[in-house]
Amino acid sequence: MTDKLPEKDTAAEHEKWKEKGVAMRAFFYIFGTHVFAGFVWLLFFLGQHAHK
């Protein structure tokens, strides 16, 4: 008898982990880009309505 557990680090599971990482990175890049664009839009809006 052996007490060794089967290894779970198979190629398929590694690829699934990589896919999740790519999806999370894409989500954060898209989210961050929209936040930055909203900030730039806010600057233009406030600049247009500033008392000069």
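Above this note sits the structure.
Since this is a predicted model, take the numbers as computed values, not measurements.

**Student:** Account for the packing of aromatic side chains, naming residues and giving values.
**Tutor:** Both the distance between ring centres and the angle between the ring planes are used here to describe each pair of aromatic rings. On inspection of all chains with the given rule, the structure shows 3 aromatic pairs. Between Phe 27 and Phe 28 the ring centres are 5.5 Å apart and the planes differ by 65°, which places this aromatic pair in the edge-to-face class. For Phe 27, a relative accessible area of 51% translates into the label exposed. Between Trp 41 and Phe 45, the ring centres sit 5.4 Å apart and the planes meet at 20°, which makes this aromatic pair stacked. Here the residue Trp 41 and the residue Phe 45 both occupy positions in helix H1 (residues 11-48), the gap between them amounting to 4 residues, near one helical turn. For Phe 45, a relative accessible area of 36% puts it in the partly exposed group. Chaining the aromatic ring pairs together yields one cluster made of Phe 27, Phe 28 and Phe 31.

Reading guide: rules and limits
- By convention here, each chain's residues receive numbers from 1 onward along its written sequence.
- Selection of residues for local features in this predicted model requires a pLDDT of at least 70, selection of side-chain atom pairs for listing and counting requires 80 or more, and totals for whole chains, interfaces and linings are taken over all residues.
- Note that water and hydrogens are dropped before the side-chain values are worked out from all heavy atoms of the structure.
- Working definition: a ring pair exists when centres of Phe, Tyr or Trp rings (six-membered ring for Trp) sit within 6.5 Å. Plane angles under 30 degrees give stacked, over 60 give edge-to-face, the rest tilted.
- Burial here depends on accessible area, computed with a 1.4 Å probe over protein chains only, as a share of the maximum for the residue type. Under 20% is buried, over 50% is exposed, and the range in between is partly exposed.
- We count a stretch as a helix when DSSP gives it H or I for four or more residues in a row; a strand needs E for two or more, and each element gets its number in order from the N terminus.

Geometric descriptors of this kind do not, in isolation, establish any biological role.
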